Amino acid sequence: MARNAADKGTSIDAQLRILAPKKLSEDDKLVEYDALLLDRFLDILQDLHGEDIRETLINCEIMVLILMWTTGNPRVTPEVTRDVCLLARMMAANLYYAQIEDLMFELSMWRCSDELRVKADQLHRCTKKNTTKHYIEFWKQVPPSEPYRVILSNVRDKLYNTRERARHLLASGFSEIPDEATFTDVEQFLEPLELCYRSLCACGDNSIADGSLLDFLRQVSTFGLSLVRLDIRQESDRHTDVMDAITQYLGIGSYREWSEEKRQEWLLSELNGKRPLFGPDLPQTDEIADALDTFHVIAELPYDSFGAYVISMATAPSDVLAVELLQRECHVKKPLRVVPLFEKLADLEAAPAALARLFSVDWYRNRIDGKQEVMIGYSDSGKDAGRFSAAWELYKAQEELIKVAKQFGVKLTMFHGRGGTVGRGGGPTHLAILSQPPDTIHGSLRVTVQGEVIEQSFGEEHLCFRTLQRFTSATLEHGMHPPISPKPEWRALMDEMAAVATKEYRSIVFQEARFVEYFRLATPELEYGRMNIGSRPSKRKPSGGIESLRAIPWIFAWTQTRFHLPVWLGFGAAFKHVLQKDIRNLQILQEMYNEWPFFRVTIDLVEMVFAKGDPGIAALYDKLLVSEDLWPFGARLRANYEETKQLLLQVAGHKDLLEGDPYLRQRLRIRDSYITALNVCQACTLKRIRDPGFHVSPRAHLSKDIMDSGKPAAELVKLNTTSEYGPGLEDTLILTMKGIAAGMQNTG
């Protein structure tokens, strides 16, 4: 079995080296992991049984999934969105179908309630002879003397049709099976199951009711007919483009040029009205057509296929109102909840005011019915201002957003857009949740599980279970034992340090004239962008500097050279500033570290990154890949690295890195020599790619088996023949990238 798993992994690995990853394949994995959760989820629900079956099912809904779908990606077309929804629906129906047949075997008794008897008789009279042709002989005719089986056979028939309709639509876009012959709503599915449960309890068969049937009810209530709900995510600029096309089509001006007040006034007038805004003759670019087609897919598919509509780079109330209007115009019968995502530092600072203005709109307050979700972005805020300032601004933004929600009587759920690495807000799940501000969770929490760590969190059955346990236990613990609020003097010091850290970070990353040139020479960023590694392009726009680069390749490139610049840059300047100002601030910083979970987790994560880093390796990349006139700039950054490390140890009160976690320190030491060898190999490979005149003198093979095999190299290693680089170079580079990422336990 292990051998088969290894062979399968090798096969997948070989394909990934040549083919660009398709978004559907990533979400196909996500659906498979969700199917694993369907079984393991029962283990933590055994003690949730209430007096009423509905109470039990409501308890189940508390722990709904943490998986997320993202668009705003050229490879995620409306067609891909539709296909993934159908795939999930087909898989859910297939899983439930097998369990329904098990229940039919179990519930063979004839004694039942009058309510169930009446329903069973109705179904038996209406059953068509030709609907049982796909079943084994045993199930073709269920006698009326077995009422539970009559009820469940109807459920089985509808599940079969649900699965087959999804399969037909997925294969050809058309199905002869009508909607009414399938389950289109989870309530339709639950109704006969609950009827069986009530009947068993009424007849004194409680032990049977609370067995497989109750487990099945919990699964259906929690996972629904879609197995996993997909969040749709799109950038606010895309919606602005659509609205601008509509207003120009109507001849009332350019929406893009309107002020925020005028946008809100027009959007609300249309939301309160009923006239259609556009027809099929609306002039559309490819981007506008893509955005509108996504709304049409939402309208076409069942409501329970989707979760929220997330607006990335949101800045104002009009961003939310525009999506509400587009949902209506595209005939979405049950509109998705709209979630603004605040990402950059300035947007996070302005988020509370934007939310207050949104809640001041009567139409919107009536629409949300006292519930709102807000997403905060860790990746782009870190790329915009550095890890220190981003972490503090995210903390403050959550506090203020909760205050605004309480002011308007709205229950606010925070949606944390974390990445897998420290530079993108990642870190140990339990500690990350416990370090959130008090009163910001209240038993409900949403977090992204990024594509890069889906396998790590959900790749095996036990990992699914442990991941769910971590999120659940930390969320409950935060509510029962909330962390302390920072003292006023701590806040003042953090504000002062954040301002210094932001200035230092931006002065180097955005204002240093040759930083972009240095970054592209000293890291494998350019090669990463040209190779088939990520499921998304490395840049949002083909041109541009750091601003257009996505957060994943930004972090990934620095991780590969083990310099981790986006994580630590700014910390040193902030600490140095407050210590030079008053040496007594060191005592305050150490007090913050010992007493305040947020500050301690922030410092500990950066300390861990320093333990994984090695400026000597970064110097090797500089020597091989960077032009000599930029060497002093690289040396200055490495000096900054060393100074920041010493200051951080001083604040934490540590003599050595990771002295409080000897187990992790030992693991890193064991891996270090292997990662170093990969770094050297990668740097030399990059040199050969960028400088065709650079030659390495080959040495004798270390392996005697290879020497004695007599086979040519082409037979020993299957190379990517479509590479734009020399033979074997791209393959070597990808292998070193994957090896370093595995050794560092981080990608992007």
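Since this is a predicted model, take the numbers as computed values, not measurements.

1. With respect to the overall build of the protein
In step 1: A count of helices and strands for the protein gives 33 helices and six strands.
In step 2: Evaluated residue by residue, the protein yields a buried proportion of 53% over its 748 residues.
In step 3: Of the contacts formed within the protein by residues at least 6 apart in sequence, a portion of 80% connects residues at least 24 apart.
In step 4: Counting every atom, the protein has about 34,300 Å² of accessible surface; 53% of that belongs to carbon and sulfur.

2. A short note on the packing of helix α28 (residues 615-625) against helix α30 (residues 662-690)
In step 1: Packing of α28 against α30 brings their axes to within 10 Å, and their N-to-C directions diverge by 15°. Relative to α30, the element α28 lies roughly parallel. Relative to α30, the crossing made by α28 is right-handed. Residue-level contacts link Ile617, Leu620, Tyr621, Leu624 and Leu625 of α28 to Thr676, Asn679, Val680, Gln682, Ala683, Cys684, Leu686, Lys687 and Arg690 of α30.
In step 2: Here the contact of α28 with α30 is built from residues that sort into nine nonpolar, three polar and two charged.

3. A look at the packing of aromatic side chains
In step 1: Using the criterion set out here, one finds 35 aromatic pairs in the structure.
In step 2: Ring centres 5.9 Å apart and planes at 75° place the aromatic pair Phe189 and Phe216 in the edge-to-face group. Of this pair, Phe189 sits in helix α7 (residues 186-202) while Phe216 sits in helix α8 (residues 206-223), and the two are 27 residues apart along the sequence. As far as burial versus exposure is concerned, Phe189 and Phe216 are alike and both buried.
In step 3: Feature note: the residues Phe515, Tyr518, Phe519, Trp554, Trp558, Phe563, Trp568, Phe610, Phe633 and Tyr641 constitute an aromatic cluster, connected by ring pairs.

4. Examining the pairing of strand β3 (residues 337-342)
In step 1: Most of β3 is tucked away: five of the six residues are buried.
In step 2: Inspection of the sheet shows strand β2 (residues 306-312) paired to β3 by four bridges, in the parallel sense. In the strand pairing of β3, Ala308 is matched with Arg337.
In step 3: Remark: the β2/helix α12 (residues 317-329)/β3 crossover connection has right-handed handedness.
In step 4: As paired strands, β3 and strand β4 (residues 371-377) are joined by two bridges and run parallel to one another.

5. Notes on the UniProt feature "active site" (unreviewed entry) in the protein
In step 1: Sequence positions flagged by UniProt for "active site" (unreviewed entry) are, in local numbering, Lys383.
In step 2: Given the relative accessible area of 6%, Lys383 is considered buried.

6. Some thoughts on the environment of Phe183
In step 1: If you trace the backbone, Phe183 turns up in the loop between α6 (147-172) and α7.
In step 2: On the basis of relative accessibility, which here comes to 3%, the residue Phe183 falls in the buried class.
In step 3: With 22 residues separating them along the chain, Phe183 and Asn161 place their C-alpha atoms 8.2 Å apart.

7. What to know about the nonpolar core
Side chains of nonpolar character tend, in soluble globular proteins, to be buried together.
In step 1: Within the largest apolar cluster, 66 residues are counted, with the highest numbers of intra-cluster contacts made by Met243, Ile246, Trp266 and Phe306.
In step 2: Each of domain 1 (61-127 + 140-223) and domain 2 (235-480) accounts for three or more of the residues forming this core.
In step 3: Setting aside its immediate chain neighbours within four residues, Met243 contacts Tyr255, Trp266, Leu267, Ala322, Leu325 and Leu326.

8. Quick word on the pairing of strand β1 (residues 230-235)
In step 1: In terms of burial, β1 is a largely internal element, five of the six residues being buried.
In step 2: Here β1 runs beside β2; their pairing, made up of five bridges, is parallel. For Glu235, the partnering residue across the bridge sits in β2 and is Ser312.

9. Description of helix α19 (residues 461-480)
In step 1: With 20 residues, α19 should reach 28 Å at 1.5 Å per residue; the first-to-last C-alpha distance of 29 Å fits that figure.
In step 2: Turning to α19, its buried residues are Cys464, Phe465, Thr467, Leu468, Phe471, Thr472, Ala474, Thr475 and His478.

10. A closer look at the state of the cysteines
In step 1: Applying the stated criterion across every chain yields a total of zero disulfides.
In step 2: We note that Cys201 lacks a disulfide partner, and the nearest cysteine sulfur, in Cys203, lies 9.5 Å from it.
In step 3: On the basis of relative accessibility, which here comes to 26%, the residue Cys201 falls in the partly exposed class.

11. Overview of the pattern of salt bridges
In step 1: A complete count under the given rule lists 41 salt bridges for this structure.
In step 2: The residue Glu393 makes a salt bridge to Lys396 at a minimum N-O spacing of 3.7 Å. Here Glu393 pairs with Lys396, and both are found in helix α16 (residues 387-407), just three residues apart, close to one helical turn.
In step 3: Looking at Glu393, the relative accessible area reads 10%, which means it is buried.
In step 4: According to the relative accessible area criterion, Lys396 is partly exposed, its value standing at 23%.
In step 5: Salt bridges sharing common partners tie together Asp231, Arg337, Glu373 and Arg446.

12. Thoughts on the packing of helix α5 (residues 114-126) against α7
Two packed helices can be described by the angle between their axes and the distance between those axes.
In step 1: Their axes nearest at 9 Å, the elements α5 and α7 cross at an angle of 140°. With respect to α7, the axis of α5 lies oblique. Contact with α5, carried on its side by Glu115, Leu116 and Lys119, involves Leu195, Cys196, Arg198 and Ser199 of α7 and no other residues of that element.

13. Focus: α16
In step 1: The first and last C-alpha atoms of α16 sit 30 Å apart over 21 residues, in line with the 30 Å expected at 1.5 Å per residue.
In step 2: Here α16 lies mainly inside the structure; 16 of its 21 residues are buried.
In step 3: Just downstream of α16, Gly409 is the residue with a positive phi angle, here 70°.

14. Thoughts on the sheet that holds β3
In step 1: Spatial ordering of the open sheet is given by β1-β2-β3-β4-β5-β6, a layout of six strands whose pairing is parallel. Among the strands making up the open sheet, the edge pair consists of β1 and β6 (446-447).
In step 2: In this sheet, β6 lies alongside strand β5 (residues 411-417) in parallel orientation, the contact comprising two bridges. By the bridge assignment for β6, His416 is matched with Val447.

15. Description of the environment of Glu393
In step 1: The spacing of Glu393 and Ala498 is 105 residues in sequence and 8.5 Å in space, taken between C-alpha atoms.
In step 2: Ignoring anything within four residues of it in the chain, the contact list for Glu393 reads Leu345, Leu348 and Glu349.

16. Considerations on unusual backbone geometry
In step 1: Despite not being glycine, Met313 shows a phi value in the positive range, around 55°.
In step 2: As for its position among the elements, Met313 is in the loop between β2 and α12.
In step 3: On the basis of relative accessible area, Met313 is assigned to the buried category, the value being 19%.
In step 4: At His331, a position not held by glycine, the phi torsion is positive, near 65°.
In step 5: Among the secondary structure elements, His331 is positioned in the loop between α12 and β3.

17. Describing the side chain of Glu607
In step 1: Positionally, Glu607 belongs in helix α27 (residues 597-612).
In step 2: Sequence-distant contacts of Glu607, that is, excluding residues within four places in its chain, are made with Leu648, Leu649, Ala652, His654, Asp656, Leu657, Leu658 and Glu659.

Parameters at a glance
- Residues numbered from 1 in each chain as written.
- Predicted model: local features only at pLDDT ≥ 70, side-chain atom pairs only at ≥ 80, totals over all residues.
- Heavy atoms only, no water.
- Helix = DSSP H or I, 4+ residues; strand = E, 2+ residues; numbered from the N terminus.
- Buried < 20%, exposed > 50% of the residue type's maximum accessible area, 1.4 Å probe, protein only.
- Contact = heavy atoms within 4.5 Å.
- Areas by Shrake-Rupley, 256 points an atom, 1.4 Å probe, with all protein chains shown as cover.
- Axes fitted to C-alpha atoms, helices over the stretch in contact; angles between N-to-C directions.
- Parallel < 35°, antiparallel > 145°, perpendicular 65-115°, else oblique.
- Left-handed = near helix turned anticlockwise from the far one by under 90°.
- Nonpolar A, V, L, I, M, F, W, Y, C, P; charged D, E, K, R; others polar.
- Phe/Tyr/Trp six-rings, centres within 6.5 Å; stacked < 30°, edge-to-face > 60°.
- Pairing = 2+ DSSP bridges.
- Right-handed = clockwise from strand over helix to strand, strands pointing away.
- UniProt positions renumbered as here; feature names shortened; annotations may be inferred.
- Core = buried A, V, L, I, M, F, W, Y, C linked by side-chain atoms within 4.5 Å.
- Domains from an automatic or database assignment.
- Expected span 1.5 Å × (residues − 1).
- Disulfide = S-S within 2.5 Å.
- Salt bridge = Lys/Arg side-chain N within 4 Å of Asp/Glu carboxyl O.

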